[in-house]
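# Architecture at a glance
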Amino acid sequence: MGAAFWISRRRDSYHFASAAERAAWRWSAPPVAFVCLLMAMEALLVWVVLVGGGGWPLWKRALAGSAMLVPWTMLSAIFVLHGTGYIAWHVLWLCGLLAVLLVSALGSLAMAARRWMRRCS
């Protein structure tokens, strides 16, 4: 979230059609705060998936979390082309969270397969 805030303060992360627009630009906090709030909620979702028990094994929770984040990432990625730098950072953030969930799911599946193979032999 700090990186999104930092990028939002940089004038060169915005597109301006003219020098006059660039000179008249003023930083606006509400859109940046909204993106930071989204990032916090997404991090909370991943934390709940990784820490929360719920009776499901980690790989099932991680795949369920990924199933929620993949469409959200695709929808968010639509706005990167004409968006600002902090929106692109948000999409990178989502890709990182998805990577964490997928690595967790694969690791949990590998451990479950190892336990199953030990029981079978």
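Our structure is the block above this text.
Please read these numbers as outputs of a predicted model, since none were measured by experiment.

Quick notes on the rules
- Residues numbered from 1 in each chain as written.
- Predicted model: local features only at pLDDT ≥ 70, side-chain atom pairs only at ≥ 80, totals over all residues.
- Heavy atoms only, no water.
- Helix = DSSP H or I, 4+ residues; strand = E, 2+ residues; numbered from the N terminus.
- Contact = heavy atoms within 4.5 Å.
- Phe/Tyr/Trp six-rings, centres within 6.5 Å; stacked < 30°, edge-to-face > 60°.
- Buried < 20%, exposed > 50% of the residue type's maximum accessible area, 1.4 Å probe, protein only.
- Disulfide = S-S within 2.5 Å.
- Expected span 1.5 Å × (residues − 1).
- Axes fitted to C-alpha atoms, helices over the stretch in contact; angles between N-to-C directions.
- Parallel < 35°, antiparallel > 145°, perpendicular 65-115°, else oblique.
- Left-handed = near helix turned anticlockwise from the far one by under 90°.
- Nonpolar A, V, L, I, M, F, W, Y, C, P; charged D, E, K, R; others polar.
- Core = buried A, V, L, I, M, F, W, Y, C linked by side-chain atoms within 4.5 Å.

### Examining the side chain of Ser 66
Among the secondary structure elements, Ser 66 is positioned in helix α4 (residues 58–77). Ignoring any residue separated from it by four or fewer positions in sequence, one finds Ser 66 in contact with Pro 71, Leu 98, Leu 101 and Leu 102.

### Here's the deal with the packing of aromatic side chains
One pass over the structure, following the stated rule, counts one aromatic pair. Seen in terms of ring centroids, Phe 5 and Trp 27 are 5.5 Å apart; in terms of plane orientation they differ by 85°. Their pairing is edge-to-face. Placement of Phe 5 in helix α1 (residues 2–9) and of Trp 27 in the loop between α2 (19–24) and α3 (29–51) is noted, with a sequence separation of 22 residues between them. In this structure Phe 5 comes out as partly exposed when scored by relative accessible area, which is 42%.

### With respect to the state of the cysteines
Counted according to the given criterion, the structure contains zero disulfides. Just so you know, Cys 36 is unpaired, no disulfide at all, and the nearest cysteine sulfur is the one on Cys 95, 17 Å from it.

### A closer look at helix α5 (residues 85–120)
In a regular helix each residue adds 1.5 Å, so 36 residues correspond to 52 Å; α5 covers 52 Å between its end C-alpha atoms and thus fits that length. Here α5 has its buried residues at Gly 85, Tyr 86, His 90, Val 91, Leu 94, Leu 97, Leu 98, Leu 101, Ser 104, Ala 105 and Ser 108. Check the buried side of α5 and you find it contacts α1, α3 and α4.

### Digging into the packing of α1 against α5
Relative orientation of the contacting elements α1 and α5 amounts to 160°, with a least axis distance of 8 Å. One way to sum up the angle between α1 and α5 is to call them roughly antiparallel. Crossing geometry of α1 relative to α5 is assigned as right-handed. Two secondary-structure elements touch here, α1 through Ala 3, Ala 4, Ile 7 and Ser 8 and α5 through Gly 85, Tyr 86 and Trp 89. For the contact of α1 with α5, a count of residues per class yields five nonpolar, two polar and no charged.

### Quick look at the nonpolar core
Residues Ala 4, Ile 7, Tyr 14, Phe 16, Trp 25, Val 32, Val 35, Cys 36, Met 39 and Tyr 86 constitute the largest nonpolar core, which totals 10 residues. Secondary structure elements with two or more residues in this core: α1 and α3. For this core, the element with the highest residue contribution is α3, accounting for four residues. Counting residues in hydrophobic clusters, the runner-up holds nine residues, among them Val 46, Leu 94, Leu 98 and Ala 105.

### Side note on the environment of Ala 77
Note that Ala 77 resides in helix α4. Expressed as a C-alpha distance, the spacing of Ala 77 and Ala 88, which sit 11 residues apart in the sequence, is 7.7 Å.

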